[in-house]
Amino acid sequence: AKDKNQLDIINLKTELAETYCKMRYFDYAEKPLEDVLLFYKNEKESDKNTLVYLLEKFGDYFIKNHDAEWAFELYEECLAIREAKLGQEHLEVIKLLDKISIHYFEKDNYELAKKGFLKLLIIDEKKYGPEHPAVVRLLLKLIPIYLLLREFMEDENALERLLALE
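Quick caveat: nothing in here was measured; it's all calculated off a predicted structure. (Residues numbered from 1 in each chain as written. Predicted model: local features only at pLDDT ≥ 70, side-chain atom pairs only at ≥ 80, totals over all residues. Heavy atoms only, no water.)

*Asks:* What's the story with the confidence of the model for the chain in this structure? I'm lost.
*Replies:* Residues with a pLDDT of 70 or more make up 95% of the chain, whose mean pLDDT is 88. Across the chain, element-level confidence peaks in helix 5 (residues 91-106) with a mean pLDDT of 94 and bottoms out in helix 8 (residues 152-164) with 73. (pLDDT = per-residue confidence, 0-100. Helix = DSSP H or I, 4+ residues; strand = E, 2+ residues; numbered from the N terminus.)

Written as structure tokens, this is what we have:
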């Protein structure tokens, strides 16, 4: 009965945190969310799926509306768990890394955006080959980052690779 009561409380705190986020009261959402995440971090392996879901879900809330720094902490933790469980080349891992890298770019953190996109580029080149559309898409994402970081040699190399493709 104690475990059921504890889970009921956690579910209520999850709903409370989500309601606060939907109402844009993010500061109020932080404490119940911290309690929920701590609970799931200390739970059995079977509950890691719930933890991963919550980390990404609340990362999405916070990145769009409130605290990007905390959102990135949630996303990175989610990514680490997914990579450990599924491997770097799993579609769920790739989609999350792409999303995180896009958000880093949108928040002007070009170094971390570049790091994420380069990691994806290595994975996609290995998986599909250098001329695959996924590789081209990543090169197109990297070019403006190289320009913004004033890494002109890298930018020129990426442009040459794109122009060599027909």
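*Asks:* Can you walk me through the environment of F62 in this structure?
*Replies:* Following the sequence through the fold, F62 ends up in helix 3 (residues 48-65). Each C-alpha atom of the pair F62 and A80 lies 19 Å from the other, and the pair is 18 residues apart in sequence. Apart from the residues within four sequence positions on either side, F62 is in contact with C21, F26, A29, E30, L33, D67, A68, W70, A71 and L74. (Contact = heavy atoms within 4.5 Å.)

*Asks:* Would you mind showing me how to read the nonpolar core here?
*Replies:* Side chains that are nonpolar tend, in soluble globular proteins, to be buried together. Membership of the largest hydrophobic core comes to 46 residues, with the highest contact counts inside it found for F58 and F62. For this core, the elements supplying multiple residues, two or more each, are helix 1 (2-22), helix 2 (26-41), helix 3, helix 4 (68-86), helix 5, helix 6 (110-128), helix 7 (133-148) and helix 8. The greatest single-element share of this core, amounting to eight residues, is contributed by helix 3. Other than its neighbours up to four places away in sequence, F58 contacts T14, A17, E18, C21, L33 and L74. (Core = buried A, V, L, I, M, F, W, Y, C linked by side-chain atoms within 4.5 Å. Buried < 20%, exposed > 50% of the residue type's maximum accessible area, 1.4 Å probe, protein only.)

*Asks:* Please clarify how the packing of aromatic side chains should be interpreted in this entry.
*Replies:* Remark: the centre distance and the inter-plane angle together describe each pair of aromatic rings, the angle taken between the planes. Here the structure, examined in full by the defined rule, presents eight aromatic pairs. Residues Y20 and Y28 carry aromatic rings whose centres are separated by 5.5 Å and whose planes lie at 35 degrees to one another, so their mutual orientation is tilted. Take Y28: its relative accessible area is 55%, and that puts it in the exposed class. Judged by centre distance (5.6 Å) and plane angle (55 degrees), the ring pair of F58 and Y61 falls under tilted. On the criterion of helical spacing, the pair formed by F58 and Y61 is a turn pair, its members being three residues apart in helix 3. Of the two residues, F58 and Y61, both sit in the buried class. (Phe/Tyr/Trp six-rings, centres within 6.5 Å; stacked < 30°, edge-to-face > 60°.)

*Asks:* What should I look at first to understand the side chain of D60 in this one?
*Replies:* As for its placement among the helices and strands, D60 is situated in helix 3. Polar side-chain contacts of D60 include one of 2.4 Å to the side chain of Y75. When near neighbours in sequence (up to four residues on either side) are disregarded, D60 contacts Y75 and K99. (Polar contact = N/O pair within 3.5 Å; in protein donor to acceptor, adjacent residues only side chain to side chain.)

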